[in-house]
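Understanding the architecture of this molecule
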Amino acid sequence: MTAAKTDMQAANSPGACATPAHGYACRFCGARLRHTFVDLGTSPLCQRHVTPARFDHAESIYPLHVYVCDACFLVQLPAYVAREEIFDAEYGYFSGFSDTWLRHAEAYVQMMTPRFGLGSGSRVVEIASNDGYLLQYFKRAGVPVLGIEPTENTAEIAIAKGIPSLVEFFGRDCAARVRESHGPANLILGNNVLAHVPDINDFVGGIKTLLAPEGIVTMEFPQLLHLIGRNYWDTIYHEHFSYLSFTTVEKVFEHHGMTMFDVDDISTHGGSIRIYACHGGDASKAINPRVAAMREREQRAGHFDLGYYRDFGERVKESKRAILEFLIAAKRRGKQIAAYGAPGKGNTLLNYCGIRTDLIDYTVDRSPHKQGNFLPGTRIPIHAPDRIRETRPDYLFLLPWNLKDEIIDQMSIIRSWGGKFVVPIPTVQVIA
């Protein structure tokens, strides 16, 4: 019997699923959520940028209280907000504006195509395909593609690039319809989407439905091991319903009749993994020793011990204090501070720390979809990057710290007037 089935049976035993006072149950195994991982107070939706016309209107805010399940150890944010409200027709994130992310996508295609013999007779389906940032490279290689993307405005960009795209949420029903209309998928991929789904069983069940008999699934996601070990607390926001370890994701896939056969460490988002899965019993896929090694790594770290999760909240509070101490001290010295970027993680950091225009004058972003608006909650204005040259700030505070090398290279001009870069996570670091 698999560990996933054992957990599911335990969760469904008499009394185990009794609804707690707050009413939240684990989205995978159904056990009641009793243990706090971290509580970041309340925050508005991270991609709901405030337009000038809405500047004087109230914003909706929601809890950022994260729990860890003591049955399957899935770390999760209850679905305080419906997915349709988060991923709406005017979604603010476009993958194609990051050079780093585009290089990562192209390298993935160059690796996967020969490894698994993908060609004109194959079909690649990307779930959460955004603006076609990745599928464009498979298309150039002559591989038939299909994107499934719930946000209409990003899908429109992909369609304009010639990437066939369905605008809907993925799950079992969607998968069945796609299989009937397009046929099974030889490769299903999802980059940073598994954490974004409130019903993880429906999502993974859909993957099982759509996958060809000897097909491959790859999913990339930030690893919980790094979120905890490197203090990446700002990656917690309402888009991220789950915070994933390899071990728990393996249980989820096993429960739906799929097997992990390989795993890669990758550098995106400060430390992520890429998992490879296939149908259970697919003898054409040898299980790489990296799978057992990854399980062992997480077990040694304490993945199955609630004590591993308990002190994270205190480390987050200390990180907040350090960030505020730096900003307050710099402003008292008369320094001008601007920020770079308008990412989801920046929204969490700014709102949890209570940082507004008294500490950061403005931010800049390459996406014209964000320019001219204001950050949610904090109402910090978003300008085009040229604003940096015009105002010559003393410090540039990097909100998308995971792209710091790309940003430092793009904005190296600030060094000409003595400006410095500030990387806030995992600890405050000033780079001259």
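First, a word on what this report is: a plain description of the structure on this page.

What counts, and at which threshold
Residues numbered from 1 in each chain as written. Predicted model: local features only at pLDDT ≥ 70, side-chain atom pairs only at ≥ 80, totals over all residues. Heavy atoms only, no water. Helix = DSSP H or I, 4+ residues; strand = E, 2+ residues; numbered from the N terminus. Contact = heavy atoms within 4.5 Å. Pairing = 2+ DSSP bridges. Axes fitted to C-alpha atoms, helices over the stretch in contact; angles between N-to-C directions. Parallel < 35°, antiparallel > 145°, perpendicular 65-115°, else oblique. Left-handed = near helix turned anticlockwise from the far one by under 90°. Core = buried A, V, L, I, M, F, W, Y, C linked by side-chain atoms within 4.5 Å. Buried < 20%, exposed > 50% of the residue type's maximum accessible area, 1.4 Å probe, protein only. Right-handed = clockwise from strand over helix to strand, strands pointing away.

Some points on the side chain of glutamate 250
- Relative to the helices and strands, glutamate 250 resides in helix H9 (residues 246-255).
- If we skip the residues at most four places from it in the chain, glutamate 250 touches Met260, Val291 and Arg295.

Digging into the sheet that holds strand E17 (residues 429-431)
- Taken together, six strands build an open sheet; the order of strands is E14-E13-E12-E15-E16-E17 and the sheet is mixed. The open sheet is flanked by strand E14 (382-383) and E17, the only strands paired with a single partner.
- Examined bridge by bridge, strand E16 (residues 420-423) and E17 share three bridges and lie antiparallel to one another. In the strand pairing of E17, valine 423 is matched with glutamine 429.
- Contacts from helix H12 (residues 312-332) reach strand E12 (337-340), strand E15 (395-398), E16 and E17, with the element oriented near 160° to E15.

Digging into the packing of helix H6 (residues 172-182) against helix H7 (residues 200-210)
- Packing of H6 against H7 leaves a shortest axis separation of 7 Å and a crossing angle of 15°. Classified by the angle between their axes, H6 and H7 sit roughly parallel to one another. In this structure, the crossing between H6 and H7 has a hand that is right-handed. The segment H6 lies against H7, with Arg172, Ala175, Ala176, Val178 and Arg179 engaging Asn201, Asp202, Gly205, Gly206, Thr209 and Leu210.

Considering the nonpolar core
- Counting 115 residues, the largest nonpolar core has Phe37, Met219 and Phe253 as the members making the most contacts within it.
- Broken down by element, the residue count for this core peaks at seven residues, all from H12.
- Residues within four places of phenylalanine 253 in sequence aside, it is in contact with Leu194, Val204, Ile207, Val217, Met219, Met258, Met260, Ile275 and Ala277.
- Within the second largest apolar cluster, 23 residues are counted, among which are Tyr133, Phe138, Val145 and Ile163.

What to know about the pairing of E12
- Side chains of E12 alternate between two faces, with Ile337 and Ala339 and Ala338 and Tyr340 buried alike.
- Across two bridges, E12 lies against strand E13 (residues 363-364) in parallel orientation. Of the residues in E13, the one forming a bridge with alanine 339 is threonine 363.
- Tracing the backbone out of E12, into helix H13 (residues 344-353) and back to the parallel element E13 gives a crossover that is right-handed.

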